[in-house]
Amino acid sequence: MNEPLPIRPPRERKPDWIRVKAPTSHGFNETRQLMRRLNLATVCEEAACPNIGECWTKKHATVMILGDTCTRACAFCNVKTGMPRAVDLTEPQHVADAAAELGLSHIVVTSVDRDDLKDGGASQFVKVIEALRRTTPTTTIEILTPDFRNKADSAVEAIVAARPDVYNHNLETVPRLYPTIRPGARYYASLRLLEQVKKLDPSIFTKSGVMVGLGEERMEVHQVIDDMRSAGIDFLTMGQYLQPTPKHAKVAEFVTPQAFAAYGAIARAKGFLLVAATPLTRSSYHAGDDFERMRAAREEQLKAGRAPA
């Protein structure tokens, strides 16, 4: 007689404010076909972003360079882990071609962690920025880099010299949760990276994001907000953590929209140029519109005779 199969406990039902429609639009399919044709990976797909339907319908995609395989295994991330393939030398121009074909006024470029490379992949970011400047000179460029563990100083110097418009690096969570959620990284090393960008070129906007719902305490989130401002970060993004698969870290709490609004109000009072804090906020969600708002906020500061905070 066959043993009955074990019954899996049902996954926790998401609250109404976190649900999104499945992507089905013509624009979505066009964006996917373009990425396949140019052999480009996107964090939208690899990280199972809940906003992919909305963004790809508008032909906004966050390109993920240096392949689709990460050398780390963070407990929150759905990008596959393993030994990556060799760096694709055609990738920088393919990114620029995608920006041109999509007609992007603003592009977000991120990457997997490449601890196997001598420079952590920094030179590929530089080549992508250079290819974009040649091919689509009016497109503003936002990069979202890894922490370049043990090689951050030289990596950041090289990328800042290429002059992206926005330098983003996510802190992801509160320091206490790093050993379980982001074990390959160090909280204060990430803070120093963002601080270094500002010291090297204050005109580059800096940006960082955190997830909530992983078991952090409210005062811990407040401390992260304070730490970001101390590092001169211009733009804070905050969103709800969603468990991509059963093997990833569980959701400890679905944070309410009201709690997000309270975090956002506190952050704005601290002096960020821009704050985006909602359950569905992600690093590159509405990035182009947010860039324009951030640039306008800086211009207002300068008109008022105040140095950027």
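Everything that follows concerns the structure shown earlier in this document.
Residues numbered from 1 in each chain as written. Predicted model: local features only at pLDDT ≥ 70, side-chain atom pairs only at ≥ 80, totals over all residues. Heavy atoms only, no water.

Draft legend 1. Up close: the side chain of Gln-124. Checked against the element boundaries, Gln-124 lands in helix H5 (residues 122-135). Among the polar contacts listed, one links the side chain of Gln-124 to the backbone oxygen of Asp-88, at a separation of 3.1 Å. Setting aside anything within four residues of it in sequence, one finds Gln-124 in contact with Ile-65, Leu-66, Val-87, Asp-88, Glu-91 and Pro-92. (Helix = DSSP H or I, 4+ residues; strand = E, 2+ residues; numbered from the N terminus. Polar contact = N/O pair within 3.5 Å; in protein donor to acceptor, adjacent residues only side chain to side chain. Contact = heavy atoms within 4.5 Å.)

Draft legend 2. View of the packing of aromatic side chains. Enumeration over the complete set of coordinates arrives at 4 aromatic pairs. Ring plane angle 85° and centroid distance 6.4 Å describe the contact between Phe-125 and Phe-148, whose orientation is recorded as edge-to-face. Remark: Phe-148 occurs in the loop between strand S6 (140-144) and helix H6 (152-161) and Phe-125 occurs in helix H5; sequence separation between them is 23 residues. On the basis of relative accessible area, Phe-148 is assigned to the buried category, the value being 3%. Between the aromatic rings of Tyr-178 and Tyr-187, the centroid separation amounts to 5.7 Å while the plane-to-plane angle is 90°, which identifies the pairing as edge-to-face. Comparing Tyr-178 with Tyr-187, the two get one shared label, buried. Here the aromatic cluster, defined as three or more aromatic residues joined through ring pairs, consists of Tyr-178, Tyr-187 and Tyr-188. A cation over an aromatic ring shows up here: Arg-229 above the ring of Phe-272, its NZ or CZ 5.1 Å from the ring centre. One residue, Arg-298, lies across the ring of Phe-205, its end atom 3.7 Å from the ring centre. (Phe/Tyr/Trp six-rings, centres within 6.5 Å; stacked < 30°, edge-to-face > 60°. Buried < 20%, exposed > 50% of the residue type's maximum accessible area, 1.4 Å probe, protein only. Lys NZ or Arg CZ within 6 Å of the ring centre and 35° of its normal.)

Draft legend 3. Molecular detail of the pairing of strand S9 (residues 235-240). Among the 6 residues in S9, 6 count as buried, and that is most of the element. Of the two faces of S9, both are covered, the one formed by Phe-235, Thr-237 and Gly-239 as well as the one formed by Leu-236, Met-238 and Gln-240. Here 6 bridges tie strand S8 (residues 205-212) to S9, and the two strands are oriented parallel to one another. Within S9, the residue paired with Val-210 across the bridge is Met-238. Handedness of the β-α-β unit built from S8, helix H9 (residues 218-230) and S9 comes out right-handed. Sheet analysis places S9 next to strand S10 (residues 274-277), joined by 4 bridges and oriented parallel. (Pairing = 2+ DSSP bridges. Right-handed = clockwise from strand over helix to strand, strands pointing away.)

Draft legend 4. Molecular detail of the environment of Thr-245. Position of Thr-245 relative to the elements: it lies in the loop between S9 and helix H10 (257-270). Each C-alpha atom, one on Thr-245 and one on Cys-77, is 9.4 Å from the other, the two residues being 168 residues apart in sequence. Among the polar contacts listed, one links the side chain of Thr-245 to the side chain of His-248, at a separation of 2.6 Å.

Draft legend 5. Expanded view of the nonpolar core. In this structure, Tyr-167 and Met-238 are the most contacted members of the largest nonpolar core, which totals 77 residues. Element by element, the count of residues in this core is highest for H5, at 7 residues. Those residues within four positions of Met-238 in sequence are excluded, and the remaining contacts are Val-210, Val-212, Val-221, Ile-225, Phe-260, Tyr-263, Ala-276, Ala-277, Thr-278 and Thr-281. The next biggest cluster of nonpolar side chains, apart from the first, holds 8 residues, and it includes Phe-235, Leu-273, Ala-276 and Phe-291. (Core = buried A, V, L, I, M, F, W, Y, C linked by side-chain atoms within 4.5 Å.)

Draft legend 6. Empty space enclosed by the protein, seen in detail. Per the stated rule, a full pass over the model turns up 1 cavity of 30 Å³ or more. Taken as a whole, the largest cavity spans an internal volume of roughly 40 Å³. In terms of lining, the largest cavity is formed by Thr-173, Val-174, Val-210, Met-211, Val-212, Val-221 and Val-224. At the level of secondary structure, the elements contributing two or more residues to the lining of the largest cavity comprise S8 and H9. At 3 residues, S8 tops the list of elements feeding residues into the lining of the largest cavity. Split by residue class, the lining of the largest cavity holds 6 nonpolar, 1 polar and no charged. (1 Å grid on protein atoms, 1.4 Å probe; cavity = no way out; pocket = protein on both sides within 12 Å on 5 of 7 lines; lining within 4 Å. Points joined across faces, edges and corners; volume = space filled by probe spheres on them. Nonpolar A, V, L, I, M, F, W, Y, C, P; charged D, E, K, R; others polar.)

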